[in-house]
Structure formats: structure tokens, C-alpha cells
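Coordinate analysis (summary)
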Amino acid sequence: MTVSITGATGFIGSKLVQRLYEDNHSICVLTRSKSKAESIFPVKEYPGIVIAEEPQWKDCIQGSTGVVNLAGLPISTRWSPEIKKEIKQSRIRVTSKVVDLINKSPSDARPRVLVSATAVGYYGTSETQVFDEQSPSGSDYLAEVCREWEGKALGVDKDVRLALIRIGVVLGKDGGALAKMIPIFMMFAGGPLGSGKQWFSWIHVDDLVNLLYEALLNPSYKGVINGTSPNPVRLAEMCEHLGSVMGRPSWLPVPDLALKAVLGEGATVVLEGQRVVPVRAKELGFSFKYPYIKEALKAILAQKVVT
Ligand code: NDP
């Protein structure tokens, strides 16, 4: 199939591009910066990939069978009022644009599927509740961002299959929260974060990429699907495993402040958290390669970082 992808240059998107490329799909990278995208996907290594800045997005989307929407300003930054506005607006702007271009495509050139990212922040945070796809939205800032972000994706015409993937904390060595947390764990010997009772709904990046891939190809993937592993853990357990996999004792607590220094207020995602379960993915028969945190962390830490 031919797939147009926003956020293709990011942590998750670049891995999805690689996966689709290896399977001989045609890819159009929808980016704000052609030069940045060309440095990530050099033509020598990725002949045939089309890279398009915004004025050309229309031509790409009109020729695509599927669109994946992953773009947005990273949340792991310091949240000034301007940044908070941009965290929300960047997602709303790109999603609105993508939906508008899909809806305006002539019927014979219209993508059949839109796979759009959102986040488990939709549910708000809780130490006691279990959230599945039917659970109501929370009342904090990130919940509001996710509702509005999803709301824009829901504007896609009904003849286009829409899969909304509510993504948990994505674990991989060369990006996302874990890459930033590892050096802190090295410094503080990998102890607990805060009370340690907070839930950590995580997913290995390879599983998420497989889920996005499946959502593109499989017509049964429709509506909201939680992109989290079937076994969320409390933060204390995650820290214990990370400490043990890194060969470091987990007794010296990692101060919240140290985590906030690298993740900004985006650290609240890790420090507060929610217990999210992937009911829909299980119903759909999705097979997780890394259902348990220890194996996921072992696999990630054994990887060499590709730069
Ligand atoms: P990255 O930050 O690695 O990449 C996001 C991409 O979005 C960038 O490559 C960039 O593409 C584009 N982008 C960045 N800033 C802006 C902006 N201001 N306006 C428009 N586009 C922008 O994100 P991830 O790969 O980690 O995540 C992909 C999506 O999944 C994001 O929307 C994220 O919120 C969501 N998600 C991720 C989680 C995680 O743990 N990683 C957890 C939950 C949800 P370019 O420069 O090419 O335009």
C-alpha cells in the first residue's frame, strides 16, 4: 500500500517507516522540514521514499491508501504557557489539516484508512482505577489535549476507517522517556520514583510499531485501541526491573526533581500515571512480542543505539 505519515521523522514514526519500507510499501513522509527528513531517510538508504513539506502534503495524501498521523510537539519539555498551548495546538493543527485533505480528496484517490495517535493521558491519572477503551476521559490538562486531538481525527469522513491509538509510555533505547531516564538511573542507582505506587502503562516500541502496522492493514482495527502492553506495572516494579537489568541496585530513590530536570513537566506522565489495559488489542488477537516489562527492558538495554 501507499502510506503517508506525519511525525515520520520522530522516535515512533521513523521505526514505522523502516518497517513499512522493509515490507515494500510506498511511503510519503509528511514533514515540516525536508532537510531534516532527508537526513533521517537518506535517499541512498531509502530510494523511492517521497519527502513532502506542507504545500505538497495534498498530493501525497491524495495518492495514498492509508495515512498515519503521529505529529506533535514533544510533551517532555518545560511547560511554559506558550509551550502548553503549542503541545495542544500542534496536534490539533496537523490532525485538522490531515483530516481536511483526506475529506477533500476525490473519491477515487481517497485514503481508505486513517491511523491517528493519541495518548493514555486521555484517562487522567489514578493509583486505583483500571482504564480500558470504554473508560471516560479525565479532567486534567493532558486529558483535555487528548480529547481535542481525538475530536479532530473523528472529523474524518465516515467512509474512511479510523483507528485511534491511545499510546502509553513507549519504551525504546534511542528515544522516548526511557532514553532520558537511563542516565538518571545510572546516577541514582535506579531506586523508586516518588511513592512508587503510581501505575506505569508502557509498551515496547516494536510492539507499538506492529500495532500501528496492523491497524493500517487490518480492516477490523477500528475506533479506539489502547497502545499499551497487557501488563502495566507500578513504578516501583518498573524501577526494580530497570535497576536489575542495568546491574544496579535499586535502593537509592531517584528524586522527582531529577526526573523533572530531563522530562520537564512531561514527567507527570511518569510520576502520576494510570493503569491502562489493551482490551481491544486482545480482542483483535494482537500478539505482543514483549508482554512483560522485564523482558522488554532486557531487550532494549541489549540493543546497540543506531545513530
Ligand atoms: P517525537 O517527538 O519523536 O516526534 C514527533 C514528530 O512530530 C516530529 O518528528 C516532528 O516531525 C513533529 N513535530 C514536532 N513538533 C511539532 C510541531 N510543533 N508542530 C507539528 N509537528 C511537530 O514523537 P514520538 O515519535 O515519541 O511520538 C509520536 C506521537 O505519539 C506524538 O504525537 C506523541 O504525543 C504520541 N505519543 C508518544 C508517546 C511516547 O512515549 N513516545 C506516548 C504517548 C503518545 P517533523 O519535524 O518531521 O515535522
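We now turn to the structure provided with this report. Model, not experiment: these values are computed from the prediction.

Parameters and conventions
- Residues numbered from 1 in each chain as written.
- Predicted model: local features only at pLDDT ≥ 70, side-chain atom pairs only at ≥ 80, totals over all residues.
- Heavy atoms only, no water.
- Pairing = 2+ DSSP bridges.
- Helix = DSSP H or I, 4+ residues; strand = E, 2+ residues; numbered from the N terminus.
- Axes fitted to C-alpha atoms, helices over the stretch in contact; angles between N-to-C directions.
- Core = buried A, V, L, I, M, F, W, Y, C linked by side-chain atoms within 4.5 Å.
- Buried < 20%, exposed > 50% of the residue type's maximum accessible area, 1.4 Å probe, protein only.
- Contact = heavy atoms within 4.5 Å.
- Expected span 1.5 Å × (residues − 1).
- Disulfide = S-S within 2.5 Å.
- Parallel < 35°, antiparallel > 145°, perpendicular 65-115°, else oblique.
- Left-handed = near helix turned anticlockwise from the far one by under 90°.
- Polar contact = N/O pair within 3.5 Å; in protein donor to acceptor, adjacent residues only side chain to side chain.

1. Digging into the sheet that holds strand S5 (residues 113-119)
Strand order in the open sheet formed by seven strands is S3-S2-S1-S4-S5-S7-S11, and the pairing between neighbours is parallel. In this open sheet, the two edge strands, each paired with only one partner strand, are strand S3 (50-52) and strand S11 (223-227). Going from strand to strand, the sheet's axes swing by 20° on average, the running direction of each strand aside. Relative to S3, strand S2 (residues 26-30) is paired through three bridges, and the arrangement is parallel. Note on S3: the bridge partner recorded for Cys28 is Val50.

2. So, the nonpolar core
Counting residues in each nonpolar core, the largest one holds 39 residues, and the members touching the most others are Ile5, Val115, Ile165 and Leu208. Only strand S1 (2-6), helix H1 (11-22), S2, S5, strand S7 (161-167) and helix H7 (205-217) provide two or more residues apiece to this core. The dominant element in this core, judged by the number of residues it contributes, is H7, at eight residues. Setting aside residues no more than four positions away along its own chain, Val115 makes contact with Val67, Val68, Asn69, Ala163, Ile165, Leu212, Ala215 and Leu216.

3. Topic: helix H5 (residues 141-153)
The end-to-end C-alpha distance of H5, which contains 13 residues, comes to 19 Å, matching closely the 18 Å that a straight helix rising 1.5 Å per residue would cover. Burial in H5 covers these residues: Tyr141, Leu142, Ala143, Val145, Cys146, Trp149, Glu150 and Ala153.

4. Some points on the state of the cysteines
Per the stated rule, a full pass over the model turns up one disulfide. Bridging Cys28 to Cys60, the disulfide has an S-S length of 1.9 Å. On the sign convention where negative is left-handed, the bridge of Cys28 and Cys60, at about 50° about the S-S bond, is right-handed. Of the two residues, Cys28 is situated in strand S2 and Cys60 in helix H3 (residues 57-62); the sequence distance between them amounts to 32 residues. The same class applies to Cys28 as to Cys60, namely buried.

5. Describing the packing of helix H4 (residues 81-104) against H5
Closest axis-to-axis distance for the H4/H5 pair is 8 Å, and the angle between their directions is 10°. In this view, H4 runs roughly parallel relative to H5, as classed from their interaxial angle. Remark: the crossing between H4 and H5 carries right-handed chirality. Taking contact as the criterion, the partners of Lys84, Lys85, Ile87, Lys88, Arg91, Ile92, Thr95, Ser96 and Val99 in H4 are, on H5, Tyr141, Glu144, Val145, Glu148, Trp149, Lys152 and Ala153.

6. A few points about the side chain of Thr31
Of note, Thr31 is situated in the loop between S2 and helix H2 (34-40). Judged by its relative accessible area of 5%, Thr31 falls in the buried class. Side-chain polar atoms of Thr31 contact the backbone nitrogen of Ser33, separated by 3.0 Å. The residues contacting Thr31, other than those within four sequence positions of it, are Thr9, Ala37, Ile51, Ala52, Glu53, Glu54 and Trp57.

7. Here we look at the pairing of S11
Buried residues dominate S11, accounting for four of its five residues. In terms of strand pairing, S7 meets S11 through five bridges, oriented parallel. Opposite Ile167, over in S11, you have Gly227 as the bridge partner.

Just geometry here; none of it tells us what the structure is for.
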